[in-house]
Amino acid sequence: SPKDTDGLTLQGFQADASGNILGTIGDLVLTTTQQIGTPTTEVEMSGNLNASEPVVTAFTTAQLLADPSNPAISQFSTGVRIFDSLGVGHDLTVYFAKTSANTWTYSALANESEVTVTAGNSNSTTGNALVAQGTLGFTSAGLLDTESAVTYFNSGGTGIDFSNGSTAAQAAAFDFGTSITTDGGTGTDGMLQQGSNSVLLTLSQDGFANGTLTGTSIGEDGLITGRFSNGTTQNLGQVALTRF
């Protein structure tokens, strides 16, 4: 229990397991010392794809798995770490290829030892496995117009099957912004296709590993915030304050 400088137990409002401050005052007890890992459900990214790139020649899945960095197969790539239901992290690489005018295909590859995919979607020599794929369509002004549904390559095509007993068919969606036709958006707040350079501006995902409490801080409003080893923070309680 937190104590003041005289060694007395602080009074305040407890937080629940989600960090929500409860309404009953009492002795503060920091019960949340470990944070449960959360599986990734969405990967979001924004940036720009080079509008001047030539259209690549059609490639097969086998060619992609054998040499995904080949400029005849992909013209831009980025890595992203996502988490399964056990809080274990997995590194994916997302490759982008301009497959026709104003249309790009993205392919997410994982380590084949960490996932289970259907026949023809892994390469034991390179260690690559294709887990997800989709297309992005842009307007003639380079704004994001359409986003296809994600195609998954596990059995049933319902998500990513990670190994070691984690929950199967983890549907980690890929979001590139609010597209005009698909989402009814402006097409300007995510991935664009303009200019002569490809660049990643933002990348985020909503999962994280399990973590343990490494420190706390108390704000001017009495709110106690816990810092965890997985880089996250959470409200642990709030000290009751009195104005004199």
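Quick summary incoming for the structure in this document. Computed from a prediction, not measured in an experiment: that's the story for all the values here.

### A closer look at the overall build of the chain
- On a plain count of helices and strands, the chain comes out with 2 helices and 19 strands.
- Burial analysis of the chain (244 residues in total) assigns 41% to the buried set.
- A fraction of 55% describes how many contacts in the chain between residues 6 or more apart in sequence connect residues 24 or more apart.
- Carbon and sulfur atoms make up 50% of the accessible area of the chain, which totals about 12000 Å².
- Taken as two groups, the 5 positive and 21 negative side-chain charges of the chain have centres that lie 12 Å from each other.

### Considerations on the pattern of salt bridges
- If you walk through the whole model with that rule in mind, you get 1 salt bridge.
- Here Arg81 ties to Asp91 by a salt bridge, and the two come within 3.0 Å at their closest N and O atoms. On the criterion of sequence distance, the pair formed by Arg81 in strand β5 (residues 76–83) and Asp91 in strand β6 (residues 89–100) is long-range, its members being 10 residues apart.
- The partly exposed category is assigned to Arg81, whose relative accessible area is 42%.
- Relative accessible area serves as the criterion here: at 49%, Asp91 is assigned to the partly exposed category.

### Things to note about the packing of aromatic side chains
- What the rule picks out here adds up to 4 aromatic pairs.
- Plain terms: the ring middles of Phe76 and Phe96 are 6.0 Å apart, the flat faces sit at 35 degrees to each other, and that makes the pair tilted. A residue pair is termed long-range when its members are at least 10 positions apart, and Phe76 in strand β5 and Phe96 in strand β6 qualify at 20 residues.
- One aromatic cluster in this structure is built from Phe76, Phe96, Tyr106, Phe174 and Phe176.

### Description of the pairing of strand β4 (residues 42–49)
- A large share of β4 lies buried, amounting to 6 of its 8 residues.
- Sheet analysis places β4 next to strand β14 (residues 173–175), joined by 3 bridges and oriented parallel. Across the sheet, residue Val43 finds its bridge partner in β14, namely Phe174.
- Relative to strand β16 (residues 199–205), β4 runs antiparallel, the two sharing 6 bridges. Across the sheet, the residue bridging to Asn48 is Val199, located in β16.
- Taken together, the 3 bridges between β4 and strand β15 (residues 191–193) define a ladder with parallel strand orientation. Within the sheet, the bridge partner assigned to Asn48 lies in β15 and is Leu192.

### Here we look at the side chain of Gln170
- Note that Gln170 resides in the loop between β13 (161–162) and β14.
- The buried category is assigned to Gln170, whose relative accessible area is 9%.
- Reaching out from Gln170, the side chain makes a polar contact with the backbone oxygen of Thr40 at a distance of 3.0 Å.
- Leaving out residues up to four positions away in the same chain, Gln170 has contacts with Pro39, Thr40, Phe83, Asp84, Ser85, Gly159, Ile160 and Phe162.

### What to know about empty space enclosed by the protein
- If you walk through the whole model with that rule in mind, you get 1 cavity of 30 Å³ or more.
- In this model, the largest cavity occupies a volume close to 30 Å³.
- Phe59, Leu64, Ile73, Ser74, Tyr95, Phe96, Ala97, Thr105 and Ser107 are the residues that line the largest cavity.
- Among the secondary structure elements, those contributing two or more residues to the lining of the largest cavity are β6 and β7 (103–111).
- Here the lining of the largest cavity takes 3 residues from β6, the largest share from any one element.
- Classifying every residue of the lining of the largest cavity by side-chain character gives 6 nonpolar, 3 polar and no charged.

What counts and how
Residues numbered from 1 in each chain as written. Predicted model: local features only at pLDDT ≥ 70, side-chain atom pairs only at ≥ 80, totals over all residues. Heavy atoms only, no water. Helix = DSSP H or I, 4+ residues; strand = E, 2+ residues; numbered from the N terminus. Buried < 20%, exposed > 50% of the residue type's maximum accessible area, 1.4 Å probe, protein only. Contact = heavy atoms within 4.5 Å. Areas by Shrake-Rupley, 256 points an atom, 1.4 Å probe, with all protein chains shown as cover. Lys, Arg positive; Asp, Glu negative; His and termini not counted. Charge placed at Lys NZ, Arg CZ, Asp CG, Glu CD. Salt bridge = Lys/Arg side-chain N within 4 Å of Asp/Glu carboxyl O. Phe/Tyr/Trp six-rings, centres within 6.5 Å; stacked < 30°, edge-to-face > 60°. Pairing = 2+ DSSP bridges. Polar contact = N/O pair within 3.5 Å; in protein donor to acceptor, adjacent residues only side chain to side chain. 1 Å grid on protein atoms, 1.4 Å probe; cavity = no way out; pocket = protein on both sides within 12 Å on 5 of 7 lines; lining within 4 Å. Points joined across faces, edges and corners; volume = space filled by probe spheres on them. Nonpolar A, V, L, I, M, F, W, Y, C, P; charged D, E, K, R; others polar.

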